[in-house]
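# Working through the structure, step by step
Each chain, letter by letter, is given below.
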Amino acid sequence: LTARRSQRLTPVWDALLEDLRSGSDYAEACERVGLTSYGVSTMMRVEPQMRAELDESLTQGSDGELRHGTAIGYRARCRRPECRAYKRASRRGSR
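Cut-offs and rules
- Throughout this document, residue positions are counted from 1 along each chain, in the order its sequence is written.
- With the structure being a predicted model, the display of local features is reserved for residues of pLDDT at least 70 and the display and counting of side-chain atom pairs for 80 or more, all residues being used for whole-chain, interface and lining totals.
- Only heavy atoms go into the side-chain values, all of them from the structure, while hydrogens and water stay out.
- Each residue is assigned to one of three classes by its accessible area relative to the maximum for its type, calculated with a 1.4 Å probe on protein chains only: buried under 20%, partly exposed between the two thresholds, exposed over 50%.
- Put simply, DSSP marks the helices as runs of H or I at least four residues long and the strands as runs of E at least two long, and each gets a number from the N terminus on.
- Regarding the arc, it is the one traced by the directions from the helix axis to the C-beta atoms.
- Between Lys or Arg on one side and Asp or Glu on the other, a salt bridge is scored when a side-chain nitrogen of the former is within 4 Å of a carboxyl oxygen of the latter.
- Angles here are taken between N-to-C directions and fall from 0 to 180 degrees, while the axes themselves are lines fitted to C-alpha atoms, restricted in helices to the stretch in contact.
- Roughly parallel covers angles under 35 degrees, roughly antiparallel covers those over 145, roughly perpendicular covers 65 to 115, and oblique covers all other angles.
- It only takes one pair of heavy atoms within 4.5 Å for two residues to be counted as in contact.
- Amino acid classes used here: Ala, Val, Leu, Ile, Met, Phe, Trp, Tyr, Cys and Pro are nonpolar; Asp, Glu, Lys and Arg are charged; the rest, including Gly, are polar.
- Aromatic pairs are defined between Phe, Tyr and Trp rings, using the six-membered ring for Trp, whenever the two ring centres lie within 6.5 Å; interplanar angles under 30 degrees are classed as stacked, those over 60 as edge-to-face, and all others as tilted.
- Cation placement over rings: the criterion is NZ of Lys or CZ of Arg within 6 Å of the ring centroid and within 35° of the ring normal.
- By the definition used in this description, the sense in which the near helix is turned from the far one sets the handedness, with an anticlockwise turn below a right angle giving left-handed and a clockwise turn giving right-handed.

This next bit is on helix H3 (residues 37-46). Within H3, the full set of buried residues consists of Val40, Met43 and Met44. Considered in projection along H3, the buried side chains sweep an arc of 100° and stay on one side of the axis. Among the exposed residues of H3, those oriented more than 90 degrees off its buried face are Tyr38, Arg45 and Val46.

Structure, rendered in structure tokens:
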């Protein structure tokens, strides 16, 4: 990201991460801070540091009793790395 764009995004990004750490739904948290889940997913693919920060926040705020990395986890709207990996693999037909 350019420095100018990064400065504008930082307060929004920090608010998103805090919301996710508190256990909020991914899509709803994105919407609350004025981002789309698609836009955040795109940023994650381009910016490894942002991906790591998001993954950490999603993991901290996730339901500890949910079976992560499964269809059940993804259908429960969990977007932890394991649940996203399950979804990617299932799209390829490997599950």
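As a further point, take the pattern of salt bridges. If charged atoms from side chains of opposite charge come close, those side chains can pair. Applying the stated criterion to the full structure yields 5 salt bridges. Here Arg32 ties to Asp19 by a salt bridge, and the two come within 2.8 Å at their closest N and O atoms. Pair noted here: Arg32 is in helix H2 (residues 26-32) and Asp19 is in helix H1 (residues 3-21), with a separation of 13 residues, a long-range link.

With that out of the way, let us pick up the packing of helix H4 (residues 48-60) against helix H6 (residues 81-91). Remark: H4 packs on H6, axes separated minimally by 9 Å, with the N-to-C direction vectors making an angle of 105°. By the criterion of interaxial angle, the relationship of H4 to H6 is roughly perpendicular. Two secondary-structure elements touch here, H4 through Arg51, Asp55, Leu58 and Thr59 and H6 through Pro81, Arg84 and Arg88. The residue makeup of the contact of H4 with H6, split by class, is 2 nonpolar, 1 polar and 4 charged.

Turning our attention to the side chain of Asp55. Looking at the secondary structure, you find Asp55 in helix H4. Contact partners of Asp55, with chain neighbours within four places excluded, come to Pro81 and Arg84.

To continue, consider the packing of aromatic side chains. Taken as a whole, this structure holds 0 aromatic pairs when the rule is applied. The ring of Tyr74 carries the charged tip of Arg79 above its face, separated from the ring centre by 3.7 Å.

Here we come to the environment of Lys87. You can see Lys87 is positioned in helix H6. Sequence-wise, Lys87 and Tyr74 are 13 residues apart; in three dimensions their C-alpha atoms are separated by 7.0 Å.

Another point: the packing of H3 against H4. Following both chains from N to C, one finds H3 and H4 inclined at 120°, their axes separated by 5 Å at the closest point. Taken together, the axis directions place H3 and H4 in an arrangement best described as oblique. Crossing angle aside, the handedness with which H3 passes H4 is left-handed. For the pair H3 and H4, the contacting residues are Val40, Met43, Met44, Arg45 and Val46 in the first and Pro48, Met50, Arg51 and Leu54 in the second. For the contact of H3 with H4, the residue count by class is 7 nonpolar, no polar and 2 charged.

Mapped onto the elements, Arg21 comes out in helix H1. A C-alpha to C-alpha distance of 9.2 Å links Arg21 and Leu54, two positions 33 residues apart in sequence. Excluding anything up to four places from it in sequence, Arg21 contacts Ser57, Gln60 and Gly61.

These values are about where atoms sit, not about what they do.
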